[in-house]
Amino acid sequence: MCVLLTFINHRRWVLAAIISSCLIGISPAYSFEPLDDFQIHGFASQGYFLTSANNTYGESSKQRGTLGLTETGINISFTPVNNIRLAAQGVYRHAGEVSEEARIDYALLDWTFINNQSLQMGLRLGRIKNPFGFYNETRDVAFTRPSITLPSIYYERSRNLVLSTDGAQFYADKALSIGNISFQFNFGELGDDLKELEIAILTFDAPGHLENKPSYLGKIGYESTSGATRLAFSYGNADMEYKPGQGDFFDSGDVNFKQFILSAQHRFGHITLTGEYLRQENIFENFGLFYPDVSPTTESYYLQGDYQFSSRIKGYARYDALFLDKNNRDGKKSIPNLPRSAAFAKSYMLGLQWVPSHQWQLQAEYHRVNGIASLSFADNPDLFATKQHWNVFSLQLSYRF
Amino acid sequence: MSPLSQAAELIANPSVSIDSLSASSARNIFTMRSKNWPDGSPIKVFVLHDENPLHKQFSKTNLHVFPYKLRRIWDRNIYSGTGNAPTTVDTEEEMIEAVATHPGAIGYANKGNDYVRIINIY
């Protein structure tokens, strides 16, 4: 496990976490029975996308569509001594032209320093998933998503930024008579490889690149005893710096995102309603003459209704909206280098899910989309060649163990 | 009386030194949040598959939790690295056998036997 953790990166404080985990692991004061608590789990899913225009996860607008979304992962967890747990997950993900990568998704040491029947409190060190909204922590695991692809508040262009934190997480979970209150706070460096985000900010692939700086985020959540009601508030503050390349138009600019998400879910018998609202203040400063300081506010929200026809079959419908700048919802104020429809994406979706066994899941969805703010640049290199109104048909088969 | 109208029994390994648990404590064990018995020894949780009628009955009647909540919490635990899932066994006989033979084990059954301890939920 110590060896596995060293793969994640070379940053000093991660190494400190690894060394301390190894030291605790060999401490002779504790009994050592790792095999009894060793767990291994995994997942795999394959998506299919066919669009009337515009590309998503590969050349989906070609006649036969695309199989361009593949997600697989395997994870291990074990408890070398009481209240100390080590866990790691490797993920392979292919997403159209945007990425094809194998990565360490998380690799952490989890120390529960208060652990009694109603309160758990602890620290996690290493690479930790970011608790953000209902679904960010497990956004690559089809079984945990409410649909084949996540709604727009889980903005794909910034996914690499928000996937995980290399640093520390403080957590607490308190059981009350009416349910559970949970709290997590992450501090450290967010993800890198921010090409899609850089293009989203600068509107083209400039010679430089974005680098992340220490950032933080947290979430407080409530879940009722039965599980029928869930509420959450998430807040994040992310800093990045633009490092200009050779012959760059731009100076070394500063990027700051302040983001919050309100999440709510309630189940009434066979019907579940879920809604999440995101508001993000984007501050772009010091990019120089060609990019005056601006601070647009992004707004996004969705409302989804699920109907459980039987324990194995579920139908769902969703309205989803994304406005990159809430003062330019329809794109009427011109955006340099981009068509007007790049300012927003509004969509209706209908879906069906079949779970033939607890290990398998098959989903089918149809989306009607107005706007292209959710499209990736890698799959759509010329946004002026895209269509404002487009439809998506998608299928996904998933397996887990 | 149909089998589904009677409550299932919470069972534990004889090494577990308690006779009763509050419903809230039992929920914290089956959601994998509490990891230790009051004496500090680790808890080992066994469950049947999500679709098993006894699993559904135990979740709803004994724990007052919808089975989908347990599944959601276990999935978050294992796929985000924040915790574990219980060990799944295929039948009630395997469940009783597993609980009887693993120190610190907890599970459930329609009817326990002499090799496991019955724990009351209050």
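Residues numbered from 1 in each chain as written. Chains lettered and ligands numbered in written order. Predicted model: local features only at pLDDT ≥ 70, side-chain atom pairs only at ≥ 80, totals over all residues. Heavy atoms only, no water.

A. Representation of the overall build of chain B. Within chain B one finds four helices and six strands. Put simply, chain B runs from its N terminus to its C terminus through helices and strands in the order β-β-α-β-α-α-β-α-β-β. The C-alpha atoms of chain B give 13 Å as radius of gyration, which agrees with the globular expectation for 122 residues (14 Å, within 12%). For chain B, the spread of C-alpha atoms along the principal axes amounts to about 40 × 35 × 25 Å. Within chain B, the fraction of its 122 residues that count as buried is 57%. In chain B, the share of contacts with a sequence separation of at least 24, taken over all contacts with a separation of at least 6, comes to 71%. Summed over its atoms, the accessible surface of chain B is roughly 5100 Å², and 55% of this surface lies on carbon and sulfur atoms. (Helix = DSSP H or I, 4+ residues; strand = E, 2+ residues; numbered from the N terminus. Rg over C-alpha atoms; globule rule 2.2 N^0.38 Å. Buried < 20%, exposed > 50% of the residue type's maximum accessible area, 1.4 Å probe, protein only. Contact = heavy atoms within 4.5 Å. Areas by Shrake-Rupley, 256 points an atom, 1.4 Å probe, with all protein chains shown as cover.)

B. Spatial organisation of the confidence of the model for chain A. Across chain A, the average pLDDT comes to 90, with 91% of residues at 70 or higher. The model gives residues 1-34 of chain A a pLDDT under 50, and that stretch makes 44 contacts with residues more than four places away or in other chains. (pLDDT = per-residue confidence, 0-100.)

C. Geometry of the packing of helix α1 (residues 23-30) of chain B against helix α2 (residues 53-63) of chain B. All names here are of chain B. Where α1 meets α2, the axes come as close as 10 Å, and the angle between the chain directions of the two elements is 145°. Across the interface between the two elements, A23, A26, R27 and F30 from α1 touch F58, N62 and L63 from α2. Of the residues contributing to the contact of α1 with α2, the split by class is five nonpolar, one polar and one charged. (Axes fitted to C-alpha atoms, helices over the stretch in contact; angles between N-to-C directions. Nonpolar A, V, L, I, M, F, W, Y, C, P; charged D, E, K, R; others polar.)

D. Examining the interface of chain A and chain B more closely. Residue-level contacts link 49 residues of chain A with 35 residues of chain B. At the surface where chain A touches chain B, the tally comes to four salt bridges. Across the pair A:D173 and B:R33 runs a salt bridge whose closest N-O atoms are separated by 3.3 Å. Inspection of the chain A/chain B interface yields 25 residue pairs in polar contact (both at pLDDT 80 or more). Considering each element in turn, the side of chain A that touches chain B owes the most residues, six residues, to strand β4 (residues 99-115) of chain A. Residues of the side of chain A that touches chain B, tallied by class, amount to nine nonpolar, 26 polar and 14 charged. (Salt bridge = Lys/Arg side-chain N within 4 Å of Asp/Glu carboxyl O. Polar contact = N/O pair within 3.5 Å; in protein donor to acceptor, adjacent residues only side chain to side chain.)

E. Layout of the pattern of salt bridges. Throughout the structure, instances matching the rule amount to 28 salt bridges over all chains. In this structure, A:E223 and B:R72 form a salt bridge, with 2.5 Å as the shortest nitrogen-oxygen distance. With A:E223 in strand β8 (residues 209-224) and B:R72 in helix α3 (residues 67-80), the pair connects residues from two separate chains. You can call B:R72 partly exposed: its relative accessible area is 22%. Residue A:E299 is joined to A:R329 by a salt bridge in which the shortest nitrogen-to-oxygen separation is 2.4 Å. Taken together, the positions of A:E299 in strand β12 (residues 297-308) and A:R329 in the loop between β13 (313-323) and β14 (344-357) put the pair 30 residues apart, joining distant regions of the chain.

F. Structural detail: the pairing of β4(A). All names here are of chain A. Relative to β4, strand β3 (residues 84-95) is paired through 12 bridges, and the arrangement is antiparallel. Within the sheet, the bridge partner assigned to R93 lies in β4 and is E101. Hairpin connection between β3 and β4: a loop of three residues separates the two successive antiparallel strands, and G96 in this loop has a positive phi of roughly 50°. Of the strand pairs in this sheet, β4 and strand β5 (residues 119-129) are connected by eight bridges, and their pairing is antiparallel. In the strand pairing of β5, L109 is matched with L125. (Pairing = 2+ DSSP bridges.)

G. Spotlight on the side chain of A:T229. Residue and element names in this part refer to chain A. With respect to the secondary-structure elements, T229 resides in strand β9 (residues 229-243). One polar contact links T229 to H266, side chain to side chain, over a distance of 2.7 Å. With residues near it in sequence (within four places) discarded, T229 still touches Y222, E223, S224, Q265 and H266.

H. Representation of the packing of aromatic side chains within the structure. All names here are of chain A. Enumeration over the complete set of coordinates arrives at 30 aromatic pairs over all chains. The interplanar angle of 35° and the centroid separation of 5.7 Å between the aromatic rings of Y242 and F287 together place this pair among those described as tilted. Linking Y242 in strand β9 with F287 in the loop between β11 (271-285) and β12, this pair joins segments that are 45 residues apart in sequence. Taken together, the ring pairs in this structure connect F204, Y242, F249, F250, F257, F284, F287, F290 and Y291 into an aromatic cluster. Of note, K346 hangs over the ring of F344, and the distance from its end group to the ring centre comes to 5.2 Å. (Phe/Tyr/Trp six-rings, centres within 6.5 Å; stacked < 30°, edge-to-face > 60°. Lys NZ or Arg CZ within 6 Å of the ring centre and 35° of its normal.)

I. Inspection of unusual backbone geometry at higher detail. A positive phi is found at A:T203, a non-glycine position, where the angle reads about 70°. When you line up the elements, A:T203 lands in the loop between α4 (195-202) and β8. Among the residues examined, A:T203 registers a relative accessible area of 18% and is labelled buried. The residue B:M32 is not glycine, and still its phi comes out positive at about 70°. Mapping B:M32 onto the fold places it in the loop between α1 and β3 (44-47).

J. Layout of the sheet that holds strand β2 (residues 20-21) of chain B. Residue and element names in this part refer to chain B. One open sheet holds the six strands; their spatial order is β2-β6-β1-β5-β3-β4, and the pairing between them is mixed. Unpaired on one side and paired on the other, β2 and β4 (87-88) mark the two borders of the sheet. Where β2 and strand β6 (residues 117-121) come together, two bridges link them in parallel fashion. Of the residues in β6, the one forming a bridge with S20 is N120. Across the face of the sheet, α2 comes into contact with β1 (9-12), β3, β5 (105-109) and β6 while running at roughly 100° to β5.

K. Spotlight on α2(B). Residues of α2(B) that are buried: B:L54, B:H55, B:Q57, B:F58, B:S59, B:N62 and B:L63. Positive phi shows up at B:H64, right after α2(B), with a value of about 60°.

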